[in-house]
Amino acid sequence: MANIKSAKKRIVVNNIRAERNKAIKSKVKTYIKKVEAAVAEGDKAAAAEALKIATVEIDKACSKGVYHANNAGRKVSRLTLLVNSMN
């Protein structure tokens, strides 16, 4: 256990940020699953709407530093290809 005040504070701040990051990642995964579920059902309108929401959430996560820019771009690209490949 840390004895120095600044080290104790770092532990607290790191835990707070880890919880925030975990919540944001979970939210993004949920929206990705919604897009994939709509594609699996074959509902193009619902998939397109879910894609819009998922893209916004992924971009928010990227701007907060939860995801690297390339990782966020790759996620959006893969989801877009998935929706666009529907009949």
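Here, every reference points to the structure presented above.
Residues numbered from 1 in each chain as written. Predicted model: local features only at pLDDT ≥ 70, side-chain atom pairs only at ≥ 80, totals over all residues. Heavy atoms only, no water.

1. Here's the deal with the overall build of the protein
Okay, so step 1: When helices and strands are tallied, the protein shows 3 helices and 0 strands.
Okay, so step 2: When its helices and strands are written in sequence order, the protein yields α-α-α.
Okay, so step 3: Over its C-alpha trace the protein gives a radius of gyration of 17 Å, far above what one expects of a compact globule, namely 12 Å for 87 residues.
Okay, so step 4: C-alpha extents for the protein along the principal axes are approximately 60 × 20 × 15 Å.
Okay, so step 5: Within the protein, buried positions represent 25% of all 87 residues.
Okay, so step 6: Restricting the contact set of the protein to residue pairs at least 6 apart, pairs at least 24 apart contribute 60%.
Okay, so step 7: Carbon and sulfur atoms make up 55% of the accessible area of the protein, which totals about 6200 Å².
Okay, so step 8: Positive and negative side-chain charges of the protein, numbering 19 and 7 respectively, have mean locations separated by a distance of 14 Å. (Helix = DSSP H or I, 4+ residues; strand = E, 2+ residues; numbered from the N terminus. Rg over C-alpha atoms; globule rule 2.2 N^0.38 Å. Buried < 20%, exposed > 50% of the residue type's maximum accessible area, 1.4 Å probe, protein only. Contact = heavy atoms within 4.5 Å. Areas by Shrake-Rupley, 256 points an atom, 1.4 Å probe, with all protein chains shown as cover. Lys, Arg positive; Asp, Glu negative; His and termini not counted. Charge placed at Lys NZ, Arg CZ, Asp CG, Glu CD.)

2. What to know about the pattern of salt bridges
Okay, so step 1: On inspection of all chains with the given rule, the structure shows 3 salt bridges.
Okay, so step 2: Where Glu19 meets Lys22, a salt bridge forms, and the shortest distance between an N and an O atom there is 3.6 Å. A residue pair is termed a helical-turn pair when its members lie 3 or 4 positions apart in one helix, as Glu19 and Lys22 do in helix 1 (residues 5-41) at 3 residues. Like Glu19, the residue Lys22 is exposed in the burial classification.
Okay, so step 3: The partner of Lys60 in a salt bridge is Glu57, and the shortest N-O contact between them spans 3.9 Å. With a gap of 3 residues between them, Lys60 and Glu57 both fall in helix 2 (residues 44-63), about one helical turn apart.
Okay, so step 4: One continuous salt-bridge network, built from bridges that share partners, spans Lys27, Glu57 and Lys60. (Salt bridge = Lys/Arg side-chain N within 4 Å of Asp/Glu carboxyl O.)

3. Observations regarding helix 1
Okay, so step 1: With 37 residues, helix 1 extends 54 Å from end C-alpha to end C-alpha; this agrees with the ideal 54 Å at 1.5 Å per step.
Okay, so step 2: Considered for burial, the residues of helix 1 that qualify are Val13, Ile24, Val28, Ile32, Val35, Ala38 and Val39.
Okay, so step 3: Structurally, helix 1 contributes buried residues whose contacts are with helix 2 and helix 3 (69-84). (Expected span 1.5 Å × (residues − 1).)

4. Some words on a positive patch on the surface
Okay, so step 1: On the surface, Lys5, Lys9, Arg10, Arg17, Arg20 and Lys64 cluster together to form a positively charged patch.
Okay, so step 2: Of note, Lys5 is situated in helix 1. (Patch = residues over 30% accessible without salt bridge, like charges linked within 9 Å, V, L, I, M, F, W, Y side chains within 5 Å.)

5. Here we look at the environment of Ile32
Okay, so step 1: Following the sequence through the fold, Ile32 ends up in helix 1.
Okay, so step 2: Each residue touching Ile32, except ones within four places of it in the same chain, is listed here: Ile58, Lys75 and Leu79.

6. Thoughts on the environment of Ala61
Okay, so step 1: With respect to the helices and strands, the residue Ala61 is situated in helix 2.
Okay, so step 2: When the C-alpha atoms of Ala61 and Lys5 are compared, they prove to be 31 Å apart, with 56 residues separating the residues in sequence.
Okay, so step 3: Beyond its immediate stretch of four places on either side in the chain, Ala61 contacts Ile24, Val28, Val66 and Tyr67.

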